[in-house]
Amino acid sequence: MIKPLVRNVLVAVNGSQSSIHAAMYGIILAKQYHFNLKFVYVVDTATLKRLTIGKFLVQEESADFEMNLHSDGEKYLNYVTELAKKKGVKAEAELREGSVWVEVVKAADTFGAKLILLGGHPSRYSVTGKVHDESTVFSRMNKDIILNSNCSTLVVYEPKIEELYRML
């Protein structure tokens, strides 16, 4: 008999509704299949650094943005961890800094993840992989995570996920 293909699942959380839905999906999977679950939020300090160097932000603004992003990250990680706890699922949470896709891939490798869950919506993607909604930054990040991860990735889109989560 072979070992289970997936034991550790990482969910990238960025505060968007689709990433919260991916977290709910991960919680349901963890409950049903007894996965180890980890949520990760990345403070995008790489972009802040580029904006500061390019003089789009002054140093003080960058520091304020970074502090706010840390606060947001902690809030979202606490929220999804609490969602897991309500369903009897133990989950780890980690706040990281750097380039989003790089840190998500590193976190997955460190955790030994065999699956990364990303929030998304199929209507935002074409067959060519181009993002239709350019204002959705995380969609571009999803592409980079998918292309660079060392494990399987799943872009989660389940229209009734909140209802399924409540039924769990």
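None of these values were measured; they are calculated from a predicted model.

## Focus: the overall build of the chain
If you tally the helices and strands in the chain, you get 6 helices and 5 strands. Secondary structure elements of the chain, listed N to C terminal, follow the sequence β-α-β-α-α-β-α-β-α-β-α. Sequence separation of at least 24 residues holds for 75% of the intrachain contacts in the chain that already meet a minimum separation of 6. Carbon and sulfur atoms make up 55% of the accessible area of the chain, which totals about 9,800 Å².

## A closer look at the pairing of strand 1 (residues 8-12)
With 5 of 5 residues buried, strand 1 lies mostly within the body of the structure. Where burial is concerned, the two faces of strand 1 agree: the one with Asn8, Leu10 and Ala12 and the one with Val9 and Val11 are both buried. Relative to strand 2 (residues 36-43), strand 1 runs parallel, the two sharing 5 bridges. Looking at the pairing, alanine 12 lines up with valine 40 of strand 2. After leaving strand 1, the chain enters helix 1 (residues 17-33) and then returns to the sheet as strand 2, a path that is right-handed. Note that strand 1 and strand 4 (residues 115-119) share 3 bridges and pair parallel. Residue pairing across strands places valine 9 opposite leucine 115, the latter belonging to strand 4.

## Considerations on the confidence of the model for the chain
Averaged over every residue, the pLDDT of the chain is 86; residues scoring 70 or more account for 82%. Here residues 132-138 is modelled with pLDDT under 50, and outside its nearest four sequence neighbours on either side it reaches 12 contacts, counting other chains as well.

## Concerning the side chain of glutamate 103
Among the structural elements, glutamate 103 can be located in helix 4 (residues 100-111). Sequence-distant contacts of glutamate 103, defined by excluding residues within four places in its chain, comprise Val42, Arg96, Glu97 and Gly98.

## Quick notes on the environment of asparagine 78
For asparagine 78, the location among the structural elements is in helix 3 (residues 59-86). The exposure class of asparagine 78 is exposed, given its relative accessible area of 55%. It is 9.8 Å that separates the C-alpha atoms of asparagine 78 and phenylalanine 39, two residues lying 39 residues apart in sequence.

## Brief notes about the packing of aromatic side chains
Within this structure, the stated rule accounts for 2 aromatic pairs. A cation over an aromatic ring shows up here: lysine 87 above the ring of tyrosine 165, its NZ or CZ 4.7 Å from the ring centre.

## Comments concerning the pattern of salt bridges
Inspection of the entire model under this criterion finds 6 salt bridges. Between lysine 38 and glutamate 92 there is a salt bridge, with the nearest N and O atoms lying 4.0 Å from each other. Of the two residues, lysine 38 is situated in strand 2 and glutamate 92 in strand 3 (residues 91-97); the sequence distance between them amounts to 54 residues. Relative accessible area serves as the criterion here: at 8%, lysine 38 is assigned to the buried category. For glutamate 92, a relative accessible area of 43% translates into the label partly exposed. The partner of glutamate 103 in a salt bridge is arginine 96, and the shortest N-O contact between them spans 2.9 Å. In the salt-bridge network here, residues are joined through shared partners; they are Lys38, Glu92, Glu94, Arg96, Glu103 and Lys106.

## What to know about the nonpolar core
With 28 residues, the main nonpolar core has Val9, Val11, Ile27, Leu37, Phe39 and Leu117 as its most contacted residues. Looking at this core, the elements that each hand over two or more residues are strand 1, helix 1, strand 2, helix 3, strand 4 and helix 6 (161-167). No other element matches helix 1, which puts 8 residues into this core. Residues contacting isoleucine 27, with those up to four places away along its chain left out, are Leu37, Phe39, Val80, Leu83, Ala84, Lys87, Val89, Tyr165 and Leu168. Of all hydrophobic cores here, the second largest spans 15 residues; its members include Val42, Ala107, Ile116 and Leu118.

Conventions and cut-offs
Residues numbered from 1 in each chain as written. Predicted model: local features only at pLDDT ≥ 70, side-chain atom pairs only at ≥ 80, totals over all residues. Heavy atoms only, no water. Helix = DSSP H or I, 4+ residues; strand = E, 2+ residues; numbered from the N terminus. Contact = heavy atoms within 4.5 Å. Areas by Shrake-Rupley, 256 points an atom, 1.4 Å probe, with all protein chains shown as cover. Buried < 20%, exposed > 50% of the residue type's maximum accessible area, 1.4 Å probe, protein only. Pairing = 2+ DSSP bridges. Right-handed = clockwise from strand over helix to strand, strands pointing away. pLDDT = per-residue confidence, 0-100. Phe/Tyr/Trp six-rings, centres within 6.5 Å; stacked < 30°, edge-to-face > 60°. Lys NZ or Arg CZ within 6 Å of the ring centre and 35° of its normal. Salt bridge = Lys/Arg side-chain N within 4 Å of Asp/Glu carboxyl O. Core = buried A, V, L, I, M, F, W, Y, C linked by side-chain atoms within 4.5 Å.

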